[in-house]
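Breakdown of the fold
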Amino acid sequence: MKVYVPLDSAARALGADAVAAAIRAEADRRGIDVTIVRNGSRGMVWLEPLVEVDRGDGRAAYGPVTAADVPALLDGTLKGHGRVEDIPFFARQTRLTFQRCGLVDPTDLDDYAAHGGLAGLRRAAAMSGPEIVAEVTASGLRGRGGAGFPTGIKWKTVQQAAADRKYIVCNADEGDSGTFADRMLMEGDPFSLIEGMAIAGLGVGATRGYVYIRSEYPVAIAVMREAVAVARRRGVLGPDVVGSGRAFDMEVRVGAGAYVCGEETSLLNSLEGKRGTVRAKPPLPALEGFLGCPTVVNNVISLATVPVIFEKGAAHYEAFGLGRSRGTVTLQIAGNVKRGGLFETAFGMTLGEAVEEIAGGTASGRPVKAVQVGGPLGAYMPRDRFDTPLGYEDFDAAGGLIGHAGLVVFDDTADMLKLARFAMEFCAVESCGKCTPCRIGAVRGVETIDRIAAGDPRAAALLTDLCETMKDGSLCALGGFTPYPVMSALTHFPADFATMKEAAE
Amino acid sequence: MPVASPTLDTIRAIVAEHRHLEGPMLPILHAIQEAFGRIPAEAVPAIAEALNLGKAEVHGVVSFYHDFREAPAGRRVIKLCRAEACQAVGSEALSERVLARLGIDWHGTTADGAVTIEPVYCLGLCACGPAAMVDDTLIGRADAERVLAEAAA
Ligand SMILES: Cc1cc2nc3c(=O)[nH]c(=O)nc-3n(C[C@H](O)[C@H](O)[C@H](O)COP(=O)(O)O)c2cc1C
Ligand code: SF4
Ligand code: FES
């Protein structure tokens, strides 16, 4: 019997290690042959620890499983969900980037290859650099780390730059609240990221790569390090990548608890060993990046999507989506929700569908008040914007941003003034200090919101002015986008700033 | 965490082990903190000398990052997530309870040196908050009892 118990951080946080230990102990006690595979998560966090049992006739899912459930689980008498693929939340998805996550043993390269892995890299190895870049461009892939910049164009700049040394840097800093897709992917299917980085290396002529993982992710760091070692041993990385005659190798680096190091130039400074301050652009990292060399900086999901583009072809990927948002978006449903987790779907689903139908509304059973989309720098979307389709341009038009596609749901007990204050406080704590509107403005922002709360009738206008200054005068999106959560809270939920309103009347 | 007292020899050995890397500073600092539970003052000139940097520059790096501490932490470190998704499921009340029970404020250490408490902004457990981490143990849907019990273990 083969039993799958996720090693994923969320599953562990909900007791997966104790369940795995109980299964081992019970199997030994009964003297039955049980192989335990520590897989990634299937993404249905409300069912974690989600255990799958294969008795030779396919995988049956159970969850949430506790250690006390283990005897019944091994007896086959525990009530389960049937196949994961038949659970409605899973069945509705289009899984491309996450096709293997939770299915395979994360660091078993043969398992990876048996599920479509390495097909993309082998295909890319037979192509020239410009052909590889053209394939990525044709797929329509845009950066999943926040800004949505076309990946093919970025790669082309690096490819055409003349230099002896070029780098691929993967941004795995994932600091946004409500996001965990990067973590899940690295823990559950690390070879996808490695393969994507190797394809990027062959494409632009880079021979070295780094994955910069935030220190808050010990499990992802451990799994990635092991997978890199396996890939090197098996010739996926090294001087002769899958027999192509071309070299690419990579290393895992760990951040040190600074949110701003998710910004790409700050990340590069940090990787070089400096303070994580933001660099002025130009020069673009594509031309002068790590150690002054041309560098591709891409998010985990952007890079981990590259293998499936090469495996199935750019046209296959490009066929999904909406407008200029091609392919799939890996929604992370979080906060106060009945069904939280990772939901991969073609761009185009509306925000309301995701929150009401997929997530099933709030866990508290109370009405949804607001959804913060795109992390701490994203807008709070009120219910009357729920018809907004998930697409970069559509969200922009609705006054929001998709960012890294985290959806944080709040019920009607949420205090929007407090959340606006938190956004300013967070900006003040995490500011790299380079520009005044961000460093000082955020501190003033906290004070101004406190004045609104205290009933100062002029404070709301001051806050609006301050947000304008931060928007216009900040070098990066930390100072520049903090006005999104703040102003969206103020505009869409005036009742929560009512002391201000009463005073004005 | 077993923590050694810093000696210049150990510091130099750690620096030497990482010097060949491209951008060796963060790996060195992480290794030093792993070994001593903090970045001891003696480490700064040793790193500066080996990497051919000014002492102020090294100090500037150490002080920029939230992870590096100049004073030792308590024997166990509790990190409670204060970011938005956890706020949506009651992290603020949880934090207040834990802080009150320990009788300390954020970044504080209990008088007996047993526990330090730090805020953290997201642990990637946003679909099962409130999230906490006690040393390397992750806790989802955390409550005060569970967090304190883990820290006492
Ligand atoms: C304050 C700040 C934090 C950011 N954090 C992240 C992050 O954690 N992960 C990420 O991939 N991109 C982050 N970004 C965006 C990066 O600067 C950059 O756009 C991205 O790494 C490019 O990769 P992509 O094109 O694949 O999205 C952040 C940007 C800012 C301004
Ligand atoms: S906006 Fe803030 S974080 Fe960004 S560069 Fe300016 S000071 Fe640094
Ligand atoms: S917001 Fe708390 S774990 Fe992400």
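Residues numbered from 1 in each chain as written. Chains lettered and ligands numbered in written order. Predicted model: local features only at pLDDT ≥ 70, side-chain atom pairs only at ≥ 80, totals over all residues. Heavy atoms only, no water.

The name given to chain B in an unreviewed UniProt entry is Formate dehydrogenase subunit gamma, with the source organism recorded as Acuticoccus sediminis. Per UniProt, chain B carries the Sequence similarities (unreviewed entry) text "Belongs to the complex I 24 kDa subunit family." (UniProt positions renumbered as here; feature names shortened; annotations may be inferred.)

Under an unreviewed UniProt entry, the name given to chain A is Formate dehydrogenase, and the organism recorded is Acuticoccus sediminis. The Sequence similarities (unreviewed entry) field of the UniProt record for chain A holds the comment "Belongs to the complex I 51 kDa subunit family."

Parsing chain B into structural domains produces domain 1 (8-64) and domain 2 (76-152). Once you take the C-alpha centre of each, domain 1 of chain B and domain 2 of chain B turn out to be 30 Å apart. (Domains from an automatic or database assignment.)

All names here are of chain B. With mixed pairing, 4 strands are arranged side by side in an open sheet as E2-E1-E3-E4. Of all the strands in the sheet, the pair left with one neighbour each is strand E2 (115-120) and strand E4 (137-139). Put simply, the sheet's adjacent strands are angled 20 degrees from each other on average, direction ignored. Sheet topology places strand E1 (residues 76-81) next to E2; 6 bridges connect them, and they run parallel. Counted as the bridge partner of Val 77 is Thr 116 from E2. Sheet strands in contact with helix H6 (residues 91-102) are E1 and E2, and its direction is about 155 degrees off that of E1. (Pairing = 2+ DSSP bridges. Helix = DSSP H or I, 4+ residues; strand = E, 2+ residues; numbered from the N terminus. Axes fitted to C-alpha atoms, helices over the stretch in contact; angles between N-to-C directions. Contact = heavy atoms within 4.5 Å.)

The next thing to look at is the nonpolar core. The biggest cluster of nonpolar side chains holds 162 residues, and the ones touching the most others in it are Trp155(A), Met186(A), Leu193(A), Val211(A), Met224(A) and Ile47(B). In this view, Val211(A) contacts Cys170(A), Ala172(A), Met186(A), Leu193(A), Met197(A), Met224(A), Met250(A), Glu251(A), Val252(A) and Arg253(A); residues no more than four positions away in its chain are not counted. By size, the runner-up hydrophobic cluster in this structure holds 34 residues, among which are Ala61(A), Met349(A), Val368(A) and Ala379(A). (Core = buried A, V, L, I, M, F, W, Y, C linked by side-chain atoms within 4.5 Å. Buried < 20%, exposed > 50% of the residue type's maximum accessible area, 1.4 Å probe, protein only.)

Contacts between the two partners involve 63 residues from chain A, matched on the other side by 38 residues from chain B. Considering only the side of chain A, the residues that lose the most area to chain B are Ala256(A), Arg275(A) and Phe422(A), jointly responsible for 16% of the buried surface there. In this structure, the connection of chain A to chain B is made through 3 salt bridges. In this structure, the salt-bridge partner of Lys418(A) is Glu92(B), at a minimum N-O distance of 3.6 Å. There are 22 residue pairs in polar contact (both at pLDDT 80 or more) connecting chain A and chain B. Within the residue set of the side of chain A that touches chain B, elements represented by two or more residues are helix H1 (9-13), strand E6 (208-213), helix H11 (218-233), strand E7 (249-254), helix H12 (264-272), strand E11 (328-335), strand E15 (406-411) and helix H17 (416-430) of chain A. A total of 6 residues in the side of chain A that touches chain B trace back to one element, the largest contributor, which is H17(A). Class assignment for the residues of the side of chain A that touches chain B results in 32 nonpolar, 17 polar and 14 charged. (Buried area = accessible area lost by both parts, 1.4 Å probe. Salt bridge = Lys/Arg side-chain N within 4 Å of Asp/Glu carboxyl O. Polar contact = N/O pair within 3.5 Å; in protein donor to acceptor, adjacent residues only side chain to side chain. Nonpolar A, V, L, I, M, F, W, Y, C, P; charged D, E, K, R; others polar.)

Okay, the sheet that holds E7(A) next. Residues and elements named next belong to chain A. Across the sheet, which stays open at both edges, the 4 strands sit in the order E7-E6-E5-E8 with parallel pairing between neighbours. Edge positions in the sheet fall to E7 and strand E8 (295-299), since each of these pairs with one other strand and no more. Mean inter-strand twist for the sheet, computed between neighbouring axes without regard to direction, equals 20 degrees. Bridge count between E6 and E7: 6 bridges; the pairing is parallel. Across the sheet, the residue bridging to Tyr 212 is Arg 253, located in E7. Along the sheet, helix H10 (residues 190-204) makes contact with strand E5 (167-172), E6, E7 and E8, crossing E5 at roughly 150 degrees. Seen against the sheet, H11 touches E6 and E7 and runs at an angle of roughly 165 degrees to E7.

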